[in-house]
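Spelled out from the first residue to the last, the chains are:
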Amino acid sequence: MAVDITFKDVAYTYQAGTPFESQALHDINLTIAEHSFTAIIGHTGSGKSTLVQHLNALLKPTSGTVTIGERKITPETNNKHLKPLRQKVGMVFQFPESQLFEETVAKDIAFGPMNFGMEATVAAKKAAEMLTLVGLPAELLERSPFDLSGGQMRRVAIAGVLAMAPEVLILDEPTAGLDPAGRREIMGMVERLHHEQHLTVVLITHRMEDVANYADHVVVMEQGTIAKVGRPQEVFQDVAWLQARQLGVPETTEFAARLQQRGFKFDQLPLTEAELAAALAPQLPREVVSQQHDE
Amino acid sequence: MMNKLLLGRFIPGDSLIHRLDPRNKLLLSFYYIGIIFLANNWLTYLVLFFFTLFAVYLSNIKMGFFIRGVRPLIWLILFTVLLQVFFTRGGTTYWSWGPIVLSQFGIVNGIYIFMRFVLIIFMSTLLTLTTPPLSLADAIEAILKPLRVVHFPVYEVALMLSIALRFVPTLMDETEKIMNAQRARGVDFGEGNLFQQMRSVVPLLIPLFVSSFNRAEDLATAMEARGYQGGEGRSKYRILTWQARDTWTVLVFGLLTGVLVWLRA
Ligand SMILES: Nc1ncnc2c1ncn2[C@@H]1O[C@H](COP(=O)(O)OP(=O)(O)O)[C@@H](O)[C@H]1O
Ligand SMILES: [Mg+2]
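Once a new chain begins, its residue numbering starts again from 1 and follows that chain's sequence as written. Just so you know, chain letters begin at A and ligand numbers begin at 1, following the order they were written in. Where local features are concerned, this predicted model is filtered to residues with pLDDT of at least 70; where side-chain atom pairs are given and counted, the filter is 80 or more; whole-chain, interface and lining totals use all residues. Where side-chain values are given, they derive from all heavy atoms of the structure, hydrogens and water being excluded.

Novice: Residues and numbers for the environment of threonine 132 of chain A, please.
Specialist: Residues and elements named next belong to chain A. Secondary structure elements are taken from DSSP: a helix is a run of H or I of four residues or more, a strand is a run of E of two residues or more, and numbering for both begins at the N terminus. Position of threonine 132 among the secondary structure elements: in helix α4 (residues 120-133). Exposed residues in this analysis have more than 50% of their type's maximum accessible area, buried residues have under 20%, and partly exposed residues fall in between, with area computed by a 1.4 Å probe over protein chains only. Residue threonine 132 is classed as exposed on the basis of its relative accessible area of 56%. When the C-alpha atoms of threonine 132 and glutamate 167 are compared, they prove to be 19 Å apart, with 35 residues separating the residues in sequence.

Novice: Any chance you could break down the domain arrangement of chain A for me, citing the residues and the numbers?
Specialist: All names here are of chain A. Each domain's extent was defined by an automatic or database domain assignment. Its domain assignment divides chain A into domain 1 (33-59 + 78-248) and domain 2 (250-295). Computed from C-alpha coordinates alone, the two centres of domain 1 and domain 2 are separated by 34 Å. By definition in these notes, contact holds between two residues if any of their heavy atoms fall within 4.5 Å. In this complex, domain 1 contributes 10 residues to the contact, which on the side of domain 2 involves nine residues. Here's the idea: put two parts together, see how much 1.4 Å probe accessible area each one loses, and the total over both is what we call buried area. Across the domain 1/domain 2 interface, buried area totals approximately 840 Å², and carbon plus sulfur atoms make up 63% of it. For the domain 1 face of the interface with domain 2, the top three residues by lost area are Glu209, Gln233 and Gln237, together amounting to 46%. Any carboxyl oxygen of Asp or Glu within 4 Å of a side-chain nitrogen of Lys or Arg constitutes a salt bridge here. Where domain 1 packs against domain 2, one counts zero salt bridges. Here a polar contact is taken to be a pair of N or O atoms separated by no more than 3.5 Å, where protein atoms must pair a possible hydrogen donor with a possible acceptor and residues adjacent in sequence count only if both atoms sit in side chains. Run the count over domain 1 and domain 2 and you get two residue pairs in polar contact (both at pLDDT 80 or more). The element best represented in the side of domain 1 that touches domain 2 is helix α7 (residues 208-214), accounting for four residues. Gly falls in the polar group here, along with every residue not listed as nonpolar (Ala, Val, Leu, Ile, Met, Phe, Trp, Tyr, Cys, Pro) or charged (Asp, Glu, Lys, Arg). When its residues are assigned to classes, the side of domain 1 that touches domain 2 shows five nonpolar, four polar and one charged.

Novice: Residue-level account of the site of ligand 1, with values.
Specialist: Any residue with a non-hydrogen atom lying within 4 Å of a molecule or strand is treated as near it. Taken together, 13 residues form the shell around ligand 1, and within it Gly45, Gly47, Lys48, Ser49 and Thr50 of chain A come nearest. At the site occupied by ligand 1, the surrounding residues belong to chains A and B. Contacts to ligand 1 include lysine 48 of chain A, whose backbone N or O atom sits 2.9 Å from an oxygen atom. Between ligand 1 and the protein, one listed contact pairs an oxygen atom with a side-chain N or O atom of threonine 50 of chain A at 2.4 Å. In these tables, accessible area is a Shrake-Rupley quantity obtained with a 1.4 Å probe, and a residue counts as shielded only by the protein chains included in the view. Within the complex, the protein chains bury 65% of what would otherwise be the 560 Å² of accessible surface of ligand 1.

Novice: Let's hear about the side chain of threonine 175 of chain A: which residues, and what values?
Specialist: For threonine 175 of chain A, the location among the structural elements is in the loop between β7 (168-172) and α6 (180-196). Not counting residues within four places of it along the chain, the set of residues in contact with threonine 175 of chain A comprises Arg154, Arg183, Ile186, Met187, Arg207 and Asp210 of chain A.

Novice: Any chance you could break down the domain arrangement of chain B for me, citing the residues and the numbers?
Specialist: Residues and elements named next belong to chain B. Assigned domains within chain B: domain 1 (1-131 + 242-265) and domain 2 (133-234). Using C-alpha coordinates to define each centre, domain 1 is positioned 30 Å away from domain 2. Taken residue by residue, the interface counts 11 residues in domain 1 and 11 residues in domain 2. Buried surface at the junction of domain 1 and domain 2, both sides included, amounts to about 980 Å², of which 85% is carbon and sulfur. Where domain 1 touches domain 2, the interface holds zero salt bridges. No other element matches the four residues that helix α2 (residues 22-36) contributes to the side of domain 1 that touches domain 2.

Novice: Outline helix α10 (residues 251-261) of chain A, supporting the account with residue identities and numerical values.
Specialist: All names here are of chain A. When α10 is considered as a whole, its buried residues turn out to be Thr252, Thr253, Ala256, Ala257 and Leu259. Projected onto a plane normal to the axis of α10, the buried residues spread over an arc of 160 degrees and lie on a single side. Set apart from the buried face of α10 by more than 90 degrees, the exposed residues are Glu251 and Gln261. Check the buried side of α10 and you find it contacts α9 (239-244) and α11 (273-280). In this description, the arc belongs to the directions extending from the helix axis to the C-beta atoms.

Novice: Before we move on, could you go through the sheet that holds strand β10 (residues 225-230) of chain A and cite the residues and values that matter?
Specialist: Residues and elements named next belong to chain A. A pair of strands is labelled paired if DSSP reports no fewer than 2 bridges between them. Judged by pairing direction, the sheet is mixed, and its six strands sit side by side in the order β6-β7-β8-β3-β9-β10 without closing on themselves. Every interior strand has two partners, whereas the edge strands, β6 (89-92) and β10, have only one. In this sheet, adjacent strand axes meet at a mean angle of 15 degrees when their direction is disregarded. As defined by bridge partners, strand β9 (residues 217-222) adjoins β10 across five bridges and the pair is classed as antiparallel. What sits directly across from methionine 221, in β10, is isoleucine 226. For every element, the axis is a line fit to its C-alpha atoms; helices are fit only across the contacting stretch, and the angle between N-to-C directions ranges from 0 to 180 degrees. Packing against the sheet, helix α5 (residues 150-162) makes contact with β6 and β7, and its axis sits at approximately 170 degrees to β6.

Novice: I'd love a proper account of the nonpolar core, names of residues and values included.
Specialist: Residue and element names in this part refer to chain A. Residue types Ala, Val, Leu, Ile, Met, Phe, Trp, Tyr and Cys, when buried and joined through side-chain atoms within 4.5 Å, form a set referred to as a nonpolar core. Counting 56 residues, the largest nonpolar core has Ile109, Leu131, Val156, Leu162 and Leu169 as the members making the most contacts within it. The element that contributes the greatest number of residues to this core is α5, accounting for seven residues. Not counting the four nearest positions on each side in its chain, valine 156 is found in contact with Leu100, Val105, Ile109, Leu131, Leu136 and Leu148. One finds Leu58, Leu82, Met91 and Ile170 within the second-largest nonpolar core, a separate group that totals 33 residues.

As structure tokens, this is what we get:
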């Protein structure tokens, strides 16, 4: 079954009808295609987290419609019977390690699948499988999740969501607060899931390198609405526009933009080092290129 | 769901009531509950009723909030009122069945009790809606201060109270966040039978405890690192000052007491 997700004229207001009400989203029109890798970027408070919580009906729009596969979510939608949806669309919240609660890692990973009706023995097997998938050794299975390091806890939490076998995986700043090695491992894992298991991925991130390296779509959020959508190559062309919004571009792109000011020519600003090298090579004086090759 | 929790919620504003000294407001609220018991006839209840309405009007806060304050207690109120109505004898008896009677006095008493509840709830709602929780904690500290002579730990209690109040919103946000995270893992909060509902609380409570303990530890470290020392000689950031308007409100309450004493049966 296809799980395309479509937003039509969606608006969301927190605490609607009280003096504390605040509009977090307005005029959202967006399609997230099956098997795509969508990155959502934007300033803190621009509505990224609010947007993704509509993807598995944790929030219902205050107006407009969200269509998830065959389910239509409108402001009137009943809170019941949303479970199948929650199973299909897995959500890894910001700092997901705060959701761990079981005595052992194995039990915590199995918690989600068992809520969706999986047998305990099958779920236990699944837990072991998922732990390997997130790159943790099997001997952690019987340990308490509270004895692990922060990075390990994060990966256990992610394993707990993956164990539900979702078709869409949402990650809200999954690498926030991790060291470079931890970041690379998590992003590598997400990349594998996207490529090998064809998961649709929606990633909220502040790291433009991740967008450049992994995403095939970018959504730029600004003050509760979508300011720009497109492929990363398109969105990152307008360096000044992004920097005016304090969003920046990948380091490589920024470097290339500076080279452009010095007279180098690019048809399109490169996003990755490989692209930069390819674009730059024909423009360099011959000796420089051959010298580099000699080294 | 947390958003509906209005009891004890502060609504920012700049009305006369908002600007009163919190010590004054707190003491006057208690005093008001006391003088409500002076009322014992239609006239005195009517005076109190309009007095309360006037205070609500002065606060610039919508009536809806006060009515919502009554709602969680409505069953308790109805129960008490019905007891009064059906078990009070006197005056004309309209109907009786065994020990249960419907009498003139019963009906009147029922209405009085109902009024008493509503007036008390309105006035205490007015206090919490117009006073920031931390100011309220300061007021409590100021009022408890005399108890130091009997070695009551006033500063410590006040500090505990401020910290607790400060972290109520944080804890509510945290609760909502963890509930959403567990919902995403297939938990149905508030559904199923009692046993299932009790079980669904575990994945919420344990993370909450863990994060509260972590937070407490961080807070203690931060306070120690900045050389916190409670007790004698510690100066205050928020200083409470008694203004002319506070004196005026006290006088108005004095006048109200006089009127009640004069009009009561
Ligand atoms: N639970 C909530 N209650 C009220 N307002 C909220 C809540 N969560 C977020 N907001 C507000 O909604 C806006 C968007 O927040 P959010 O979606 O978290 O942004 P982002 O994830 O891009 O930082 C912000 O102004 C924020 O203050
Ligand atoms: Mg966010």
